[in-house]
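Architecture at a glance
Here are the chains, one letter per residue:
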Amino acid sequence: MDESSIIAAVLNGNVNAFSLLVTAYQDMAFSIAFRVLRNHEDTRDAVQESFLNAYKGLSSFKKQSKFSTWFFRIVYRTAMMKCRSKSNRFFAESHDTDDTPGDFIQEHNYQKILEIADIKKVTQDILDLIPSDESVLLTLYYLESCSISEIAEITGLNESNIKVKLFRARKHFHEQLKLHLRQETAYLL
C-alpha cells in the first residue's frame, strides 16, 4: 500500500492504517528528536506527541511535499518546543544499546557486523558531541537523505543558511572524529 493510499485510508476512518506510517517513520523521528533533546525519555515523549499531532492534523496535509517532510517538520518543531520548555537545558543520559546485533549473526559475518556496529556507535557518539542544530542537519542530510529544500521545509531555515550550517556541522564532525581517532590510537599504543 503506497503512502497516499494509507493517508486516504486513515482519513476515511481506518485508524489501524496509521500504524503503517508509524512503523515507516518512527526510527527517523526518534533520531531527529534525539538530536535536539539528547535525552531518551524526552525524545520518546516528543515522538509520541508528534505522531499524535500528525494523526490529528492529517486532514491538513496538503500533499505539496512528501509526507515524511511534513511529518519530520512536526517532529522537529515538537522537539524544539520541548527543548525550549526545559529552558534550553540538554540532559545527557547514558546511551541505550538497543542496536546490538541479535541471534541472526552468522560466524562468517561476525567481524563485518562488529565493524559496522563500531562505525555506527562512533558516528552516534560524535553526533551527540556537536551542537544539536548541527546534529539534526547532518542526520537529515546524510542519514535520511533529505534534500536541502526538504530540510528547509522541516526546520524553517532558509536554504543558504542550511548550506552554511551543514558546512560548519561537517567541520565540527570532522574535528570530533579526528580527536576520537587520536584518543583511540593513543589507547592502542
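Below you will find a few notes about this structure.

The rules behind the values
- Residues numbered from 1 in each chain as written.
- Predicted model: local features only at pLDDT ≥ 70, side-chain atom pairs only at ≥ 80, totals over all residues.
- Heavy atoms only, no water.
- Helix = DSSP H or I, 4+ residues; strand = E, 2+ residues; numbered from the N terminus.
- Expected span 1.5 Å × (residues − 1).
- Buried < 20%, exposed > 50% of the residue type's maximum accessible area, 1.4 Å probe, protein only.
- Contact = heavy atoms within 4.5 Å.
- Axes fitted to C-alpha atoms, helices over the stretch in contact; angles between N-to-C directions.
- Parallel < 35°, antiparallel > 145°, perpendicular 65-115°, else oblique.
- Nonpolar A, V, L, I, M, F, W, Y, C, P; charged D, E, K, R; others polar.
- Phe/Tyr/Trp six-rings, centres within 6.5 Å; stacked < 30°, edge-to-face > 60°.
- Core = buried A, V, L, I, M, F, W, Y, C linked by side-chain atoms within 4.5 Å.

As for helix α4 (residues 67-85)
Under the 1.5 Å per step criterion, the end-to-end length of α4 is 27 Å for 19 residues, consistent within 8% with the ideal 27 Å. If you check which residues of α4 are buried, you get Phe67, Ser68, Thr69, Trp70, Phe71, Phe72, Ile74, Val75, Tyr76, Thr78, Ala79 and Cys83. Buried residues belonging to α4 abut α1 (3-11), α2 (18-37), α3 (40-57), α6 (132-143) and α7 (148-155).

A few points about α7
Within α7, six of the eight residues are buried, which leaves it mostly tucked inside the rest of the structure. Buried within α7 we find Ile148, Glu150, Ile151, Ala152, Ile154 and Thr155. Just beyond α7, the residue with positive phi is Gly156, at close to 80°.

A closer look at the environment of Leu138
Positionally, Leu138 belongs in helix α6. Its relative accessible area of 6% is what places Leu138 among the buried residues. With 103 residues separating them along the chain, Leu138 and Arg35 place their C-alpha atoms 9.7 Å apart. Sequence-distant contacts of Leu138, defined by excluding residues within four places in its chain, comprise Leu127, Ile130, Leu143, Leu166, Ala169, Arg170 and Phe173.

Looking at the packing of α1 against α2
Helix packing geometry: the angle between the two helix axes and the distance between the axes. With their axes 8 Å apart at the nearest point, α1 and α2 run at an angle of 135° to one another. It follows that α1 is oblique to α2 by the angle criterion. Where α1 abuts α2, its residues Glu3, Ile6, Ile7 and Val10 lie against Phe18, Leu20, Leu21 and Tyr25. Its residues assigned to classes, the contact of α1 with α2 comprises seven nonpolar, no polar and one charged.

Concerning the packing of aromatic side chains
Within the structure shown, the criterion is met by 13 aromatic pairs. Taking the centre distance of 5.8 Å and the plane angle of 85° together, the rings of Tyr25 and Phe72 count as edge-to-face. A residue pair is termed long-range when its members are at least 10 positions apart, and Tyr25 in helix α2 and Phe72 in helix α4 qualify at 47 residues. By the burial criterion, Tyr25 is buried, and Phe72 matches it. Residues Phe67 and Phe71 carry aromatic rings whose centres are separated by 6.0 Å and whose planes lie at 0° to one another, so their mutual orientation is stacked. Here Phe71 and Phe67 lie together in helix α4, a separation of four residues that amounts to about one turn. Each member of the pair, Phe67 as well as Phe71, carries the same accessibility label: buried. Pairwise contacts between aromatic rings join Phe18, Tyr25, Phe51, Tyr55, Phe61, Phe67, Trp70, Phe71 and Phe72 into one cluster.

A short note on the nonpolar core
Within the largest apolar cluster, 46 residues are counted, with the highest numbers of intra-cluster contacts made by Phe67, Trp70 and Phe71. If you list the elements that add at least two residues to this core, you get α1, α2, α3, α4, α5 (110-129), α6, α7 and α8 (159-188). When neighbours within four sequence positions are excluded, Phe67 is seen to be in contact with Glu3, Ile7, Leu21, Tyr25, Leu58 and Phe61.

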